[in-house]
Amino acid sequence: MRLSETREAFANRLTFPTDRDTVVDRVGDVTLDSPNGESETVAAVLDRSDATEFASSTDLYLTVVGAVDEGFVGRKHYDDRGEQTGRRENQQSF
């Protein structure tokens, strides 16, 4: 499943508020497809988070988005306004 599809899937498969154990039990085995790396399960992603309660599907979604590994992130140091090296030393500020 794509990361962008998880919020709706959480809303359809879970009742909120809910706890971490329920999430892992019901959707923990759902595989998140990474565009730039290895895919991983919702349970594996939640293992990197300290969150134990989720008030809504959005709350759970934001927790997952904040805990995915760098394989889910676009190009590192990309800036469509200037250099793509990650440095900002000689860039002009407007």
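Just above, that's the structure.
Residues numbered from 1 in each chain as written. Predicted model: local features only at pLDDT ≥ 70, side-chain atom pairs only at ≥ 80, totals over all residues. Heavy atoms only, no water.

> How should I be thinking about helix H2 (residues 20–27) in this particular structure?
Every α-helix winds through 3.6 residues per turn, so residues three or four apart in the chain are directed the same way. Of the positions making up H2, those classed as buried are Arg20, Val23 and Val27. Down the axis of H2, the buried side of the element spans an arc of 70°, and every buried residue falls inside it. Every exposed residue of H2 that faces more than 90 degrees away from the buried side is listed here: Asp21 and Asp25. As for H2, its buried residues are in contact with helix H1 (6–13), strand E1 (18–19), helix H3 (42–46), strand E4 (53–54) and helix H4 (57–67). Where H2 starts, the residue carrying a side-chain oxygen 3.3 Å from the main-chain nitrogen of Asp21 turns out to be Asp19. (Buried < 20%, exposed > 50% of the residue type's maximum accessible area, 1.4 Å probe, protein only. Helix = DSSP H or I, 4+ residues; strand = E, 2+ residues; numbered from the N terminus. Arc of directions from axis to C-beta. Contact = heavy atoms within 4.5 Å. Polar contact = N/O pair within 3.5 Å; in protein donor to acceptor, adjacent residues only side chain to side chain.)

> Can you walk me through H1 in this structure?
All of the buried residues along H1 are Thr6, Ala9 and Phe10. All buried residues of H1 project into a common sector of 100° when viewed along the axis, lining one side. Exposed residues pointing more than 90 degrees away from the buried face of H1 are listed as Glu8 and Asn12. Those residues of H1 that are buried lie in contact with H2, strand E2 (31–32), H3 and H4.

> Would you explain the side chain of Ser34 in this entry?
Along the chain, Ser34 falls in the loop between E2 and strand E3 (40–41). Residue contacts for Ser34: discarding those within four places in its chain leaves Ser39, Gly71 and Phe72.

> Quick question: what am I supposed to make of the nonpolar core here?
The tendency in soluble globular proteins is for nonpolar side chains to be buried as a group. With 17 residues, the main nonpolar core has Phe10, Val23, Val42, Leu60 and Val64 as its most contacted residues. Of all the secondary structure elements, the ones that give two or more residues to this core are H2, H3 and H4. When residues in this core are grouped by element, the largest group, four residues, is from H4. (Core = buried A, V, L, I, M, F, W, Y, C linked by side-chain atoms within 4.5 Å.)

> For this particular structure, what's the right way to read the side chain of Thr18?
For Thr18, the location among the structural elements is in strand E1. Not counting residues up to four positions away in its chain, the partners in contact with Thr18 are Val23, Thr52, Glu53 and Phe54.

> Help me understand the environment of Pro17, please; the structure alone is not making it clear to me.
With respect to the helices, strands and loops of the structure, Pro17 is situated in the loop between H1 and E1. In this structure Pro17 comes out as exposed when scored by relative accessible area, which is 65%. Residues Pro17 and Phe54, spaced 37 residues apart in sequence, show a C-alpha to C-alpha distance of 5.6 Å. Those residues in contact with Pro17 that sit more than four places away from it in its chain are Phe54 and Ala55.

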